[in-house]
Amino acid sequence: PPARTILGLESSCDDTAAAIVRVTDTDATILSSVVAGQTDLHASYGGVVPEIAARAHAEKLDICVEQALTQAKLPLRAVDAIAVTSGPGLIGGVVSGVMCAKGLAAATGKPLYGVNHLAGHALTPRLTDQTPYPYLMLLVSGGHCQFLLVSGPDSFSRLGGTIDDAPGEAFDKIARLIGLPQPGGPAIETAALKGDTTRFAFPRPLLDRPGCDMSFSGLKTAVLRTRDALISTQQGLTRQDQSDLAAGFQAAVVDVLIEKTRRAFAAYPIAPNRTLCVAGGVAANMAIRAGLETIAKQNEGTFVAPPLALCTDNAAMIAYAAAEQMQKRDPDDMTLSARPRWPL
Ligand code: KG4
Ligand code: ZN
């Protein structure tokens, strides 16, 4: 297959992103990857506000595209296709991205590809490490938590996942509850370093049940109850309380994720490569990374963790997914729609 240069757009959550990726049959190069976050815009609300996110995407998308082209030193006419996240995600943001991509495709006559955001994450180990199919992917972020058996650019089977909250969401919520800043993941990880994991006995939901499904909402409630009890007996939380709550919570999340990954890795047909991959913002967590690496080693497998900037939301993964998928399917047309829900 010839080399392809793809412009990708991403706007399904709270990052506006554009990237240009060049893919040949042997490797992939990120020519540029621009990500404009919105953390500041949402900070005072304690979570992503969909309407504010949608407006910010609409305002920033074309600027991100221009920056991506400038950094790649390419004119728009030099790209071979326009790729865009067309779901799943916050609908206002997805619509903004799809509209922008349609405009670019109409103006240039280039083919348009709508890409599933989760497929973008799931294919990232191929963008960064040329990981051969098939492999097991743990996708773990603020919005998602699932095991995927990835056997082709449009071939994914879901082996299990959370039945309620995503771990990142739980990290963020717990941080808020115990007085730590946002985003909660890094704040809890740092606080946990000084904490005692044994002071509070938090539950490990669904660990006693077979299979790869997970649950984090009961754990969240348990931490909340413990916090409330501490606050009512001593009129507040000390630094040490915060650290111990963070450490106990993180230890429970790690135990659940690691044990379920161990099962998934042992039980599913990922031979001959036996590769375990991780993606999503929670993959930044060192305790989680270390646990996953151990599982891969114990099973004589390989562990692939893309660099953090490519684990979190970005447009390079969307451009790359389109580059693989365009070998196998026709482009989309102007009827491409934004899908708030779109399971792989
Ligand atoms: O993938 P991502 O950037 O956005 C989506 O959710 O799509 O992931 C963000 C999530 C946030 O919930 C954040 O708290 C979490 O990833 N996170 C972490 C860490 N760094 C970020 N969770 C645990 N430990 C971390 N070090
Ligand atoms: Zn994502």
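Per chain, residue numbering runs from 1 following the sequence as it is written. Chains carry letters from A onward and ligands carry numbers from 1 onward, assigned in written order. Local features are withheld for residues below a pLDDT of 70 in this predicted model, meaning they are given only at 70 or higher, and side-chain atom pairs are given and counted only at 80 or more; totals for whole chains, interfaces and linings count all residues.

Hey, could you go over the UniProt feature "binding site: substrate" (unreviewed entry) in the protein chain for me, with residue numbers and the actual values?
UniProt positions are given in the numbering used here, feature names are shortened, and annotations may be inferred rather than shown by experiment. In the numbering used here, UniProt assigns the feature "binding site: substrate" (unreviewed entry) to Leu139, Val140, Ser141, Gly142, Gly143, Asp172, Gly185, Glu189 and Asn285. The helix and strand labels rest on DSSP assignments: H or I over at least four residues marks a helix, E over at least two residues marks a strand, and numbering proceeds from the N terminus. Mapping Gly142 onto the fold places it in the loop between β6 (135–140) and β7 (145–152). For Gly142, a count of 25 C-beta atoms within 10 Å gives the class buried. Not counting chain neighbours up to four residues away, the residues in contact with Gly142 comprise Ala166, Gly168, Glu169, Asp172 and Gly281. Structurally, Asn285 is set in the loop between β9 (275–279) and α9 (286–298). Counting other C-beta atoms within 10 Å of a residue's C-beta gives its exposure: the residue is buried at 20 or more, exposed at 12 or fewer, and partly exposed in between, where C-beta atoms are placed from the backbone. Contacts here follow a simple rule: the backbone-placed C-beta atoms of the two residues must lie within 7 Å.

Tell me about the domain arrangement of the protein chain, and please be specific about residues and values.
Marked domain ranges trace back to an automatic or database domain assignment. On domain assignment, one finds that the protein chain holds domain 1 (4–130 + 309–325) and domain 2 (135–308). A C-alpha centroid distance of 27 Å is found between domain 1 and domain 2. Facing 19 residues of domain 1, the contacting portion of domain 2 comprises 22 residues. Contributing elements (two or more residues each) for the side of domain 1 that touches domain 2: α4 (117–129), α10 (308–311) and α11 (316–325). Residues are grouped as follows: Ala, Val, Leu, Ile, Met, Phe, Trp, Tyr, Cys and Pro are nonpolar; Asp, Glu, Lys and Arg are charged; all remaining types, including Gly, are polar. Along the lines of polarity and charge, the residues of the side of domain 1 that touches domain 2 split into eleven nonpolar, six polar and two charged.

An account of the packing of helix α2 (residues 50–72) against helix α3 (residues 91–108) is requested, with residue identities and associated values reported.
The angle between two axes is taken between their N-to-C directions and runs from 0 to 180 degrees, where each axis is a line fitted to C-alpha atoms and a helix contributes only its stretch in contact. Following both chains from N to C, one finds α2 and α3 inclined at 20°, their axes separated by 8 Å at the closest point. By the angle between their directions, the pair α2 and α3 is classed as roughly parallel. Two packed elements cross with a definite hand, and for α2 against α3 that hand is right-handed. Touching Pro50, Glu51, Ala53, Ala54, His57, Ala58, Leu61 and Asp62 of α2 are Gly92, Gly93, Ser96, Gly97 and Cys100, all from α3. Should an angle fall under 35 degrees it is called roughly parallel, over 145 degrees roughly antiparallel, and 65 to 115 degrees roughly perpendicular, with every other angle called oblique. Take the far helix as the reference: if the near one is turned anticlockwise from it by less than a right angle, the crossing is left-handed, and if turned clockwise, right-handed.

With reference to specific residues and values, describe the site of ligand 1.
Any residue whose C-beta atom, as set from the backbone, lies within 6 Å of a molecule or strand is reported as near that molecule or strand. Taken together, 20 residues lie around ligand 1, and Gly142, Gly168, Gly185, Gly281 and Asn285 are the ones closest in. Where the shell around ligand 1 is concerned, the elements lending two or more residues are α5 (167–177) and α6 (184–192). Class assignment of the residues belonging to the shell around ligand 1 gives a composition of six nonpolar, ten polar and four charged. Counting only domains with at least three residues in the shell around ligand 1, you end up with domain 1 (4–130 + 309–325) and domain 2 (135–308).

Could you give an account of helix α7 (residues 217–234), with specific residues and numbers?
Between its terminal C-alpha atoms α7 stretches 26 Å, which fits the 26 Å expected from 18 residues at 1.5 Å a residue. Buried within α7 we find Leu219, Lys220, Val223 and Thr226. Along the axis of α7, the buried residues cluster in a sector spanning 130°; they form a single face. Projecting away from the buried face of α7 at angles above 90 degrees are the exposed residues Thr221, Arg225, Asp228, Ala229, Ser232 and Thr233. Where α7 is buried, its residues contact α5 and α8 (239–267). At the C-terminal side of α7, Gln235 shows a positive phi close to 55°. Under the convention used throughout, the expected extent of a helix is 1.5 Å for every residue step, that is, one less than its residue count. Comment: arc refers to directions from the helix axis out to C-beta atoms.

Describe the environment of Thr16, listing the residues and the values that go with them.
Along the polypeptide, Thr16 turns up in strand β2 (residues 15–23). Classification of Thr16 by C-beta neighbours within 10 Å gives buried; the count is 30. Spatially, the C-alpha atoms of Thr16 and Gly93 are 8.7 Å apart, while their sequence positions differ by 77 residues. Residues contacting Thr16, with those up to four places away along its chain left out, are Ser11, Ala36, Ala56, His57, Lys60, Leu61 and Cys64.

Describe the pairing of β6, with residues and values.
For β6, the buried fraction is high: six of the six residues fall into the buried class. Neither face of β6 is left uncovered, since the one carrying Tyr135, Met137 and Leu139 and the one carrying Leu136, Leu138 and Val140 both have all their residues buried. Here, any two strands with at least 2 DSSP bridges between them count as paired. Bridge analysis of β6 against β7 gives six bridges, and the strand direction is antiparallel. In the strand pairing of β7, Leu139 is matched with Gln146. Linkage of β6 to β7, two consecutive antiparallel strands, is achieved through a turn of four residues. For β6 and β9, the ladder comprises four bridges, and the chain directions are parallel. Its bridge partner lying in β9, Leu136 is registered against Leu276.

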